[in-house]
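# Architecture at a glance
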Amino acid sequence: MQINLISKNVQILNLWNDLFHSYDNVKIYNNTIFSIKSDAICAPGNSFGIMDGGLDLSISMKYGYEFQKDILKKIQDDYYGEISVGNAFLIKTFDGNSVIYSPTMRVPMILPKKSLNAYFAFRAALICARQSSIKSINIPAFCTGVGQMDAKKCVFQMHEAYKNIILDGYKNNFTNWMDAQKSHNELLQVKNKDIQYK
């Protein structure tokens, strides 16, 4: 699967290049999400599918009112009105294109510093793309708009999600909670410690 990482933010572009430059299936573009031809684009929305701000608004305006209704109906019918971060689904548009909807937050908000939502959202989008046999997808920087996640943290988490799904890192199953906890702390980029107890 071809992954197109797309942003106009120079810092994010440079950080992506630092971590993703060696992967043949990843290309980095200083452009807009609609500018590169692909099978699908990723919409980093909220849990309720209300696409009235930021990149979501641009996507909703491009594909129209019926597309927004399709997103809301999918969430209502398949996710009981609310899709949690870490889940994603694919919607076809009127012109035959595909949008993978992968929420980065429950509601629009500034995310807490220890949020792993960029990891969860990108991981979910990649799983959905693989299961839907998508050949190429346009991906934005997750959580760095309304969520105000630090660019370095976002790109680190996206790289971890890429390794987990595209490089089959998920196959390294944990055999005990200590290994799982260590992995969690590494994602948070904090010193490994027992987080079960204060």
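To be clear, the structure that these remarks concern was listed above.
These remarks concern the structure in this document. In this text, all values refer to a predicted model and were calculated from it rather than measured experimentally.

### What about the overall build of the protein chain?
Broken down by element type, the protein chain carries six helices and six strands. Counting helices and strands in the order they occur from the N terminus, the protein chain gives β-α-β-β-α-α-β-β-α-β-α-α. Here the protein chain has a C-alpha radius of gyration of 17 Å; the compact-globule value for 198 residues is 16 Å, and the two agree. Over its C-alpha atoms, taken along the principal directions, the protein chain stretches across nearly 50 × 40 × 30 Å. Taking all 198 residues of the protein chain together, 44% fall into the buried category. Look at the contacts in the protein chain between residues 6 or more apart in sequence, and 63% of them connect residues 24 or more apart. Surface accessibility of the protein chain: about 10800 Å² in total, with carbon and sulfur atoms responsible for 51%. If you average the places of the 22 positive and of the 17 negative side-chain charges in the protein chain, the two averages end up 4 Å apart.

### Here we look at unusual backbone geometry
The backbone of C143 sits at a positive phi, close to 70 degrees, despite the residue not being glycine. Following the sequence through the fold, C143 ends up in the loop between β6 (136–139) and α5 (151–165). For Q148, which is not glycine, the phi torsion reads 55 degrees and is therefore positive. Along the chain, the position of Q148 falls in the loop between β6 and α5. For Q148, a relative accessible area of 54% translates into the label exposed.

### Looking at the packing of aromatic side chains
Applying the stated criterion to the full structure yields nine aromatic pairs. Between F20 and Y23 the ring centres are 6.1 Å apart and the planes differ by 70 degrees, which places this aromatic pair in the edge-to-face class. Note on Y23: relative accessible area 18%, which makes it buried. Here a set of aromatic residues connected by ring pairs shows up, and it is made of F20, Y23 and Y162. We note K62 situated over the ring of F34; from NZ or CZ to the ring centre the distance is 5.2 Å. Sitting over the ring of Y63, K62 keeps its end group 5.7 Å from the ring centre.

### Quick notes on the pattern of salt bridges
As enumerated under the stated definition, the model contains eight salt bridges in all. Measuring nitrogen to oxygen at the nearest pair gives 3.6 Å for the salt bridge that ties R130 to D168. Of this pair, R130 sits in helix α4 (residues 117–131) while D168 sits in the loop between α5 and α6 (177–188), placing them 38 residues apart in sequence. For D168, a relative accessible area of 28% translates into the label partly exposed. With a shortest N-O distance of 2.6 Å, K182 and E186 are connected by a salt bridge. Residue K182 and its partner E186 are located together in helix α6, separated by four residues, close to a single helical turn. Note on K182: relative accessible area 39%, which makes it partly exposed. Here the salt bridges do not stand alone but share partners, grouping R130, D168 and K171 into one network.

### Considering the packing of helix α1 (residues 10–20) against α5
Running from amino to carboxyl end, α1 crosses α5 at an angle of 35 degrees, the nearest separation of the two axes being 10 Å. Crossing geometry of α1 relative to α5 is assigned as right-handed. Of the residues in α5, those in contact with Q11, I12, L15, W16, L19 and F20 of α1 are A151, K152, V155, F156, M158, H159 and Y162. Of the residues that constitute the contact of α1 with α5, the class distribution is ten nonpolar, two polar and one charged.

### A look at the pairing of strand β1 (residues 2–7)
Among the six residues of β1, five are classified as buried, and the element is accordingly described as predominantly covered. As paired elements, β1 and β6 share four bridges and run parallel to each other. Looking at β6, one finds that L5 is bridged to I139. One ladder, built from five bridges, connects β1 with strand β2 (residues 26–30); its direction is parallel. What sits directly across from L5, in β2, is I28. The parallel pair β1 and β2, bridged by α1, forms a crossover whose chirality is right-handed.

Rules used throughout
- Residues numbered from 1 in each chain as written.
- Predicted model: local features only at pLDDT ≥ 70, side-chain atom pairs only at ≥ 80, totals over all residues.
- Heavy atoms only, no water.
- Helix = DSSP H or I, 4+ residues; strand = E, 2+ residues; numbered from the N terminus.
- Rg over C-alpha atoms; globule rule 2.2 N^0.38 Å.
- Buried < 20%, exposed > 50% of the residue type's maximum accessible area, 1.4 Å probe, protein only.
- Contact = heavy atoms within 4.5 Å.
- Areas by Shrake-Rupley, 256 points an atom, 1.4 Å probe, with all protein chains shown as cover.
- Lys, Arg positive; Asp, Glu negative; His and termini not counted.
- Charge placed at Lys NZ, Arg CZ, Asp CG, Glu CD.
- Phe/Tyr/Trp six-rings, centres within 6.5 Å; stacked < 30°, edge-to-face > 60°.
- Lys NZ or Arg CZ within 6 Å of the ring centre and 35° of its normal.
- Salt bridge = Lys/Arg side-chain N within 4 Å of Asp/Glu carboxyl O.
- Axes fitted to C-alpha atoms, helices over the stretch in contact; angles between N-to-C directions.
- Left-handed = near helix turned anticlockwise from the far one by under 90°.
- Nonpolar A, V, L, I, M, F, W, Y, C, P; charged D, E, K, R; others polar.
- Pairing = 2+ DSSP bridges.
- Right-handed = clockwise from strand over helix to strand, strands pointing away.

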